[in-house]
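Topology and contacts: notes
Here's the letter readout for the chains.
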Amino acid sequence: MWDRYDRIVSISDAVTDSFLGVFPELKAKIVLIENILPEKLIRKQAEAFSVEKEMPEKGIRLLSIGRFCYQKNFDNVPDICARLLKSGLDIYWYLLGFGPDENLICQKIKEAGMENRVIVLGKKENPYPYIKACDLYVQPSRYEGKAVTVREAQMLGKPVVITRYSTASSQLEEGADGMIVPMDNEGCAAGIAELLQNPEKQKRIVCGCAEKNYANSAEASKLSSLA
């Protein structure tokens, strides 16, 4: 199947390495084009409406966005949230998205007694006001190529935490524009707590995000060069 394509586009070096590990004979066909994000549009859409009714300004608001499936690991969010509450943090964790694991996630929320703390907001056409409103964006995935939502949160100046999935180091610069935490629930909760209890570190990460260009508009020229 792959051999029939003229070009194969990868979104990160880590994805390229992984693909070529299986199909080394296709090296001449693969090209790296990172996700191209329309910065002006994203910032404009972030101001489109208020989410105060859905994400009231109370406690510490965490946000995760993605398809409700095994990859995103949202089924472990209730347990991680419970651990954060035990550490003394006043956490409210919001989930945006939809997918086949929604019933599983709701079941895990009930089992952990987190009905008032882990809130499923469902599918949203415009997620950016929710990103703007959160205090911390968390991507607790089991695996990723390169999560666009992480880039969008960084673009909107939010401190970001991701789990140590195999491509995590290509997603952000540890301690500079985000934080990578262990995959297991205990380690993930401890890493998030450490950041939330360190305002100076949060400020450094926010400043690091402001200094970087995440739009990658120059990547668009790579598309033209393929013609």
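For the structure given in this document, a descriptive report is provided here. Remember, it's a predicted structure, so these values are computed and weren't measured experimentally.

**Concerning the packing of helix α3 (residues 77–86) against helix α7 (residues 185–196)**
Contact geometry of α3 with α7 gives a least axis separation of 9 Å together with a crossing angle of 50°. When the axis of α3 is compared with that of α7, the two are oblique. Seen from above, α3 lies across α7 with right-handed handedness. Residues D79, I80, R83 and L84 of α3 form the contact with α7, whose own contacting residues are N185, E186, C188, A189, I192 and A193. Split by residue class, the contact of α3 with α7 holds six nonpolar, one polar and three charged.

**Things to note about the sheet that holds strand β7 (residues 160–163)**
The six strands lie next to each other as β5-β4-β3-β6-β7-β8, forming an open sheet whose pairing is parallel. Across the chains shown, the open sheet's two edge strands, defined by having one partner strand only, are β5 (118–122) and β8 (179–181). Sheet twist, expressed as the average angle between the axes of neighbouring strands with direction ignored, equals 25°. Both strand β4 (residues 91–96) and β5 contribute to a ladder of four bridges, which runs parallel.

**Some points on the packing of aromatic side chains**
Taken as a whole and assessed by the stated rule, the structure comprises six aromatic pairs. Here the aromatic rings of F19 and F23 are separated by 5.1 Å at their centres, their planes lie at 45°, and the arrangement is tilted. Taking relative accessible area as the criterion, F19 reaches 14% and is therefore assigned buried. In this structure an aromatic cluster arises from ring pairing among W2, Y5, F19 and F23. Across the ring face of Y92, the terminal group of R117 is positioned such that the distance to the ring centre comes to 4.3 Å. Residue placement shows R142 over the ring face of Y70; its charged tip is 4.0 Å from the ring centre.

**Here we look at the pairing of strand β3 (residues 60–65)**
Within β3, six of the six residues are buried, leaving the element largely enclosed by the surrounding structure. Sheet analysis places β3 next to β4, joined by six bridges and oriented parallel. Paired with L62 across the strands is W93, a residue of β4. A crossover links β3 with its parallel partner β4, the connecting element being α3, and its sense is right-handed. In this structure, β3 lies alongside strand β6 (residues 136–139), joined through two bridges in parallel fashion. Within β6, the position partnered with L63 by the bridge is Y137.

**A closer look at a nonpolar patch on the surface**
A surface patch of nonpolar side chains, amounting to about 360 Å² of accessible area, comprises M1, W2 and Y5. Within the fold, M1 resides in the segment before β1 (8–10).

**Thoughts on the pattern of salt bridges**
One pass over the full model with this rule turns up 15 salt bridges. Put simply, E47 and K132 hold a salt bridge, and the shortest N to O gap is 2.7 Å. One end of the pair, E47, is in the loop between α2 (39–46) and β3; the other, K132, is in helix α5 (residues 128–133), and 85 residues separate them in sequence. Here the salt bridges share partners, and the residues they tie into one network are E173, D177 and K212.

Definitions and limits used
- Residues numbered from 1 in each chain as written.
- Predicted model: local features only at pLDDT ≥ 70, side-chain atom pairs only at ≥ 80, totals over all residues.
- Heavy atoms only, no water.
- Axes fitted to C-alpha atoms, helices over the stretch in contact; angles between N-to-C directions.
- Helix = DSSP H or I, 4+ residues; strand = E, 2+ residues; numbered from the N terminus.
- Parallel < 35°, antiparallel > 145°, perpendicular 65-115°, else oblique.
- Left-handed = near helix turned anticlockwise from the far one by under 90°.
- Contact = heavy atoms within 4.5 Å.
- Nonpolar A, V, L, I, M, F, W, Y, C, P; charged D, E, K, R; others polar.
- Pairing = 2+ DSSP bridges.
- Phe/Tyr/Trp six-rings, centres within 6.5 Å; stacked < 30°, edge-to-face > 60°.
- Buried < 20%, exposed > 50% of the residue type's maximum accessible area, 1.4 Å probe, protein only.
- Lys NZ or Arg CZ within 6 Å of the ring centre and 35° of its normal.
- Right-handed = clockwise from strand over helix to strand, strands pointing away.
- Patch = residues over 30% accessible without salt bridge, like charges linked within 9 Å, V, L, I, M, F, W, Y side chains within 5 Å.
- Areas by Shrake-Rupley, 256 points an atom, 1.4 Å probe, with all protein chains shown as cover.
- Salt bridge = Lys/Arg side-chain N within 4 Å of Asp/Glu carboxyl O.

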